[in-house]
Amino acid sequence: MSSDAAAPDASEDPVGYFLDDITYHGKSDRTRSFYERVLRDFESFLSEGGRPIPVAEASHRDCMAYVHGLRGGKSESTVATYASYLHRFYAYMTQVGTFDSNPMTLVMEEMDESINTDPTRREIGLPAMRSFVADVTHPLERAVVVTLLKTGMRVGELCNLDVRDLNLADAGLRPDVPIRAGLDGRPDSLYVSAAPTRGDVVNGEERTASNKRKRDTTVPVDDELAAVLRRWLAIRPDTRSPATPLFVSTSGDWGQRLTPDMVHHVVETHARAHGWYRDGGGAEENVTPHYFRHFFTTHLRDRTGDRGVVKYLRGDVAQDVIDTYTHEWGDRVRDVYTANIYGLL
């Protein structure tokens, strides 16, 4: 029997059809099994009650009821993973024309309403944050803090940046390293890859941190961040790493790529001096590198009113969602960002 004859029919078994397609596209058996577990569980959920509902006919309310039913029995991260698998399944089946629409799009938007809006977190206004940044005078430490505050990236993503990931229109002093092809023609930008995982060798160097983005992201660099990065590059120590990391230690591990622990130490030291960190304080009280991601999200979202752009900059939006926006997405992100990013210096 040919493989075509054995292949599931898209209308009779959409889940089987999708699972075969992701296998053809190179997904591992492990990934396929994860998708199968979630999608078949969702099928079982839809079959309960008086009238079984085919997955192709599931509504936004059906999807939301399934996701809501997961809570309590599973962690929030597992619930988010199940939702993302459903979302990608429906997005793919819609893209190939088997389904008319993706009912998970609205579910994902509603789930994202709670991103980083925890009311128990310390609330810091711009004047107080400017005062904090003013006290961070060392070029490396200021570059790290301002990059986190201006981009909302995770600490591991910052540590994984290489010099090639930065394209400044006015480059100043910097190692003679070609920029990434993805930044060609995009001055004043940072490229944050979704690829690096702890233990992987990327750009010739084994990485000590993982990036957690759903897609590669090009983040605009405003004038303030550009000036801070030029100042850092002017005094940045040489390194033997073939990857030429952007941020390297200027202390005991001279010239070595910064690690998340090093960045946490820098931020904790300054936060303690500012009265924003105490032992045992917890996430609702202590200012850490992750707090800067919270600060970026809440302040930029409040200024722009554009949740889609903020989600893109955070790396929370997959390619299938980006494709629902305009083809001029890159220009739109830069325009919204530069018009609304807060000043820190």
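Above this note sits the structure.
Residues numbered from 1 in each chain as written. Predicted model: local features only at pLDDT ≥ 70, side-chain atom pairs only at ≥ 80, totals over all residues. Heavy atoms only, no water.

Undergrad: For this particular structure, what's the right way to read the packing of helix α8 (residues 139-151) against helix α12 (residues 289-304)?
TA: A pair of packed helices is characterised by two quantities: the angle between their axes and the separation of those axes. Axis separation between α8 and α12 bottoms out at 7 Å; the angle between their running directions is 35°. Facing α8, whose interface residues are V145, L148, L149, K150 and T151, α12 presents P289, F292, F295 and F296. Grouping the constituent residues of the contact of α8 with α12 by class yields seven nonpolar, one polar and one charged. (Axes fitted to C-alpha atoms, helices over the stretch in contact; angles between N-to-C directions. Helix = DSSP H or I, 4+ residues; strand = E, 2+ residues; numbered from the N terminus. Contact = heavy atoms within 4.5 Å. Nonpolar A, V, L, I, M, F, W, Y, C, P; charged D, E, K, R; others polar.)

Undergrad: What should I look at first to understand α12 in this one?
TA: Each turn of an α-helix holds 3.6 residues, which means side chains three or four residues apart point in the same direction. In this model, α12 (16 residues) spans 23 Å end to end at C-alpha, consistent with the 22 Å of a helix rising 1.5 Å per residue. P289, Y291, F292, R293, H294, F295, F296, T297, T298, H299, L300 and R301 are the residues of α12 that are buried. One or two residues past the end of α12 sits G305, with phi positive at roughly 70°. (Expected span 1.5 Å × (residues − 1). Buried < 20%, exposed > 50% of the residue type's maximum accessible area, 1.4 Å probe, protein only.)

Undergrad: Just checking my understanding: could you explain the sheet that holds strand β2 (residues 189-192) for this structure?
TA: In any sheet, the strands associate via hydrogen bonds between backbone groups, in a parallel or an antiparallel arrangement. Judged by pairing direction, the sheet is antiparallel, and its three strands sit side by side in the order β1-β2-β5 without closing on themselves. Unpaired on one side and paired on the other, β1 (166-167) and β5 (217-220) mark the two borders of the sheet. With four bridges joining them, β2 and β5 adopt antiparallel strand pairing. Its bridge partner being in β5, S189 is matched across the sheet by P220. (Pairing = 2+ DSSP bridges.)

Undergrad: Explain unusual backbone geometry to me, please; I cannot follow it from the model alone.
TA: Excluding glycine, a negative phi dihedral is what most residues carry, and trans is how most peptide bonds are arranged. Phi is positive for D188, close to 55°, though the residue is something other than glycine. Relative to the helices and strands, D188 is located in the loop between β1 and β2. Even without being a glycine, T244 presents a positive backbone phi close to 50°. Residue placement: T244 occurs in the loop between α10 (223-235) and α11 (260-273).

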